[in-house]
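Spelled out from the first residue to the last, the chains are:
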Amino acid sequence: MAAETSVSATERGFAAGRDQNFAPSPELVAALTRPLEQLNEAQRREIQELRDQLGTSDGILHRVAAILMEHLEQGEIGFDRIPQLLIELVRRRQATIEQERTRPQDPDSASAELQKKLEEALATGDDAQARQLYEQKRDAKLAARQKRLEATERLREAAARDLLDAAESEAGLGELAYGRLQYRSAAEHYRAAADLLSGEGEHASARLGHLGRAAEALYRQGDEFGDNQALKEAVAAYRAALEEYTRARIALDWAAIQNNLGTALSTLGERESGTARLEEAVAAYRAAIEEYTRERMPLDWAMTQNNLGNALLMLGEREAGTARLEEAVTAYRVALEVRTRARVPLDWAATQTNLGTALMRLGARESGTARLEEAVTAYRAALEERTRARVPLDWAATQNNLGIALWTLGARESGTARLEEAVAAFRAALEEYTRARVPLKWAMTQDNLGAALATLGARESGTARLEEAVAAYRDALEERTRARVPLDWAATQNNLGNALQRLGERESGTARLEEAVAAYRAALEEYTRARVPLQWATTQNNLGNALQRWERGRAAPRGWKRRSPPTARRSRNEPARASRSTGR
């Protein structure tokens, strides 16, 4: 699972945070798109309460809901993201309205009338009218600027104000596009707004804000829609901003850009096989910390330490040694010195989850169980704030991670208590990680559940647990398809082969062994030697074991009970990667 890496907030447009304090149910959002007469009294009351809580109008609330449901119907966003997006987009619209309302009175009566109409269109959620009015205002101000520049020197200051206003109107078009999740279009408008302005003098601050919003929009396009090209463009945009706005010139904004650059690089690096992007992300976060000091900006410092930990954790997962993982643990622990439970409870819980994942990775590479015990402690601490009622999907993510840590501990112990706890944790996660809501996370957790059940089944004399493991793996493969996530599909095929092979050892026929052979061979279609040599070798070994048992079974007399040859080894089931996250 990908890390939900924080992006720092500044007044100049580099923010990409998320509100986790409250959220309407997806069902209530769907109700907003239906006529009033079709709603019951409870729904009307909930809509009124939501409207009052957000401080918005019915027009904006219904317009944003309609936009989100349209994207849902087209399969462009998941059902679980709708409540959070509703709050975010309504608040962005409210901020835009407030910005328009607080503009200085325009002395030009025609412009003042356009401004009045624009405010009315924004307040009622009439995007088409607002778009037209923004364009009219932009064109009017650009035309006015041209006239003023042709006039005397005394009008130059007014022309500069017109240019700023035109840029704001261009950025307003970007806000409208952003509000419809059209991030690429939004980035183009923000960039156009920046290009209208000079990087010097009174325009410098506004230009930096527009550049930041353009980069943020590209990042959101890449992060939310799996658009790696957009992530590359976001990286380029942040780097261009760093060339224009140096550390000596604007130290704290420079640090914000470095942090955001690190976030874009981390997201891109997680999707690539190499480590170059992740190394660059580490460098960017460390640069940000040079200005985001603990004494000067404690919460931003802690946020960046957490982000640094995520990048180091991803690097550590790809390296044989443990140095990067140890660094990640250190980064998370220092972040927790400021990200305390009393101060920022959800951020504290997010970093506790991340710390647990780093400790679990270390524990998996060590012979003892101390690190794994620490990971379990960290996950359970996180669950004290990450409750199911408060943040259901984060709760499920941490339950999944807790299950992996317990499964790893249980695999090293002779008893079955830890394994039973792991099964319970995975099943708890699946109560929120449903197939309809988050299909790939559901499949990941089904795969993890299969691993825990298979380990339990290997220690029991019957076959019930192994049968459950097979069922869990087959469920996972309904969403973990080869076309969609080829390496995850191969991992689950390998795990399915292991469970089938174990069942085949306990049954008199060879049907299960034949199925195991088929599963391993399927896995090897993606687990190639050139692509993932270690997984290829492991699966080849598993396939060899299955073929050996299959041949022995075919040659054995009827009623003969097979026994595993003493030298045969089979890799254990490997659960999917644990989730990493942050608070904001």
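The rules behind these values
Residues numbered from 1 in each chain as written. Predicted model: local features only at pLDDT ≥ 70, side-chain atom pairs only at ≥ 80, totals over all residues. Heavy atoms only, no water. Helix = DSSP H or I, 4+ residues; strand = E, 2+ residues; numbered from the N terminus. Buried < 20%, exposed > 50% of the residue type's maximum accessible area, 1.4 Å probe, protein only. Contact = heavy atoms within 4.5 Å. Areas by Shrake-Rupley, 256 points an atom, 1.4 Å probe, with all protein chains shown as cover. Lys, Arg positive; Asp, Glu negative; His and termini not counted. Charge placed at Lys NZ, Arg CZ, Asp CG, Glu CD. Expected span 1.5 Å × (residues − 1). 1 Å grid on protein atoms, 1.4 Å probe; cavity = no way out; pocket = protein on both sides within 12 Å on 5 of 7 lines; lining within 4 Å. Points joined across faces, edges and corners; volume = space filled by probe spheres on them. Axes fitted to C-alpha atoms, helices over the stretch in contact; angles between N-to-C directions. Parallel < 35°, antiparallel > 145°, perpendicular 65-115°, else oblique. Left-handed = near helix turned anticlockwise from the far one by under 90°. Nonpolar A, V, L, I, M, F, W, Y, C, P; charged D, E, K, R; others polar. Phe/Tyr/Trp six-rings, centres within 6.5 Å; stacked < 30°, edge-to-face > 60°. Lys NZ or Arg CZ within 6 Å of the ring centre and 35° of its normal. Polar contact = N/O pair within 3.5 Å; in protein donor to acceptor, adjacent residues only side chain to side chain.

Participant: Mind showing me how you'd approach the overall build of the protein here?
Facilitator: If you tally the helices and strands in the protein, you get 23 helices and 0 strands. For the C-alpha atoms alone, the extent of the protein along its principal axes is close to 105 × 60 × 45 Å. Among the 584 residues that make up the protein, the fraction classed as buried is 54%. Across the protein, the fraction of contacts at a sequence separation of at least 24, relative to all contacts at a separation of at least 6, is 67%. By element, 48% of the accessible surface of the protein is carried by carbon and sulfur atoms, the whole surface being about 25,100 Å². Of the side-chain charges in the protein, 84 are positive and 87 negative, and the distance between the mean point of each set is 6 Å.

Participant: So what exactly am I meant to see when it comes to helix α4 (residues 82-101) here?
Facilitator: Side chains that are three or four residues apart share a direction in an α-helix, a result of its 3.6 residues per turn. The end-to-end C-alpha distance of α4, which contains 20 residues, comes to 28 Å, matching closely the 28 Å that a straight helix rising 1.5 Å per residue would cover. Those residues of α4 lying buried are I82, P83, L85, L86, I87, E88, L89, V90, R93, T96, I97 and E100.

Participant: Looking at this structure, I do not really get unusual backbone geometry. What am I missing?
Facilitator: Note: most residues except glycine have negative phi, and most peptide bonds are trans. A positive phi angle is found at L181, which is not glycine, with a value near 65 degrees. Within the secondary structure, L181 sits in the loop between α7 (156-179) and α8 (183-195). Residue class for L181 comes out buried when judged on its relative accessible area of 4%.

Participant: Sorry if this is basic, but what is going on with α7 here?
Facilitator: Look at α7: 35 Å from first C-alpha to last across 24 residues, which is about the 34 Å you get at 1.5 Å a residue. A large share of α7 lies buried, amounting to 19 of its 24 residues. Residue L181 follows α7 closely and has a positive phi angle near 65 degrees.

Participant: Just to check I follow, could you spell out empty space enclosed by the protein for this structure?
Facilitator: Remark: the empty space left among the atoms is shown by a probe the size of a water molecule rolled over them. Using the criterion set out here, one finds 2 cavities of 30 Å³ or more in the structure. If you add up the space inside the largest cavity, you get close to 80 Å³. Surrounding the largest cavity, R92, R93, T96, L122, E175, L176 and G179 form its lining. Looking at the lining of the largest cavity, the elements that each hand over two or more residues are α4 and α7.

Participant: Can you help me understand the packing of helix α14 (residues 323-338) against helix α15 (residues 345-365) in this one?
Facilitator: Helix packing geometry: the angle between the two helix axes and the distance between the axes. Following both chains from N to C, one finds α14 and α15 inclined at 155 degrees, their axes separated by 9 Å at the closest point. As judged from the angle between their axes, α14 and α15 are roughly antiparallel. Between α14 and α15 the crossing geometry is left-handed. Residues L325, E326, A328, V329, Y332, R333, A335 and L336 of α14 form the contact with α15, whose participating residues are W348, T351, Q352, N354, L355, A358, L359, R361, L362 and R365. In terms of residue class, the contact of α14 with α15 is made up of 11 nonpolar, 3 polar and 4 charged.

Participant: What should I look at first to understand the packing of aromatic side chains in this one?
Facilitator: What characterises a pair of aromatic rings is the spacing of the ring centres plus the angle enclosed by the ring planes. Scanning the entire structure with this criterion turns up 2 aromatic pairs. Where Y178 meets Y183, the ring centres are 5.0 Å apart and the plane angle is 70 degrees; that geometry is what we call edge-to-face. Of the two residues examined, Y178 and Y183, each falls in the buried class. Here a set of aromatic residues connected by ring pairs shows up, and it is made of Y178, Y183 and F225. Across the ring face of Y178, the terminal group of R92 is positioned such that the distance to the ring centre comes to 3.8 Å. Residue placement shows R213 over the ring face of Y190; its charged tip is 5.9 Å from the ring centre.

Participant: Could you clarify how one ought to interpret the packing of helix α10 (residues 228-244) against helix α11 (residues 251-271) in this entry?
Facilitator: Between α10 and α11, the least distance of the axes is 9 Å, while the angle of their chain directions is 155 degrees. Between α10 and α11, the crossing angle belongs to the class labelled roughly antiparallel. Considering how the two elements wind past one another, α10 and α11 form a crossing that is left-handed. When α10 is examined against α11, the residues N228, L231, K232, A234, V235, Y238, R239, A241 and L242 are found in contact with a partner set consisting of W254, I257, Q258, N260, L261, A264, L265, T267, L268 and R271. Here the residues of the contact of α10 with α11 sort into 12 nonpolar, 4 polar and 3 charged.

Participant: Could you clarify how one ought to interpret the environment of T102 in this entry?
Facilitator: The residue T102 is located in the loop between α4 and α5 (109-124) in this model. In this structure the side chain of T102 is engaged in a polar contact, spanning 3.2 Å, whose partner is the backbone oxygen of Q99.

Participant: Looking at this structure, I do not really get the layout of surface pockets. What am I missing?
Facilitator: When its volume is computed, the second largest pocket comes out at roughly 760 Å³. Taken together, 26 residues form the lining of the second largest pocket, with R103, P104, D106, K141 and D165 sitting closest to its centre. The set of elements that each furnish at least two residues to the lining of the second largest pocket consists of α4, α5, α6 (127-150) and α7. Element by element, the count of residues in the lining of the second largest pocket is highest for α7, at 6 residues. Residues belonging to the lining of the second largest pocket are distributed by class as follows: 7 nonpolar, 5 polar and 14 charged.

Participant: Sorry, what's going on with the side chain of Q493 here?
Facilitator: One can find Q493 in helix α21 (residues 486-506). With residues up to four places along the chain from it excluded, the contact list for Q493 reads L477, A519, A522 and A523.

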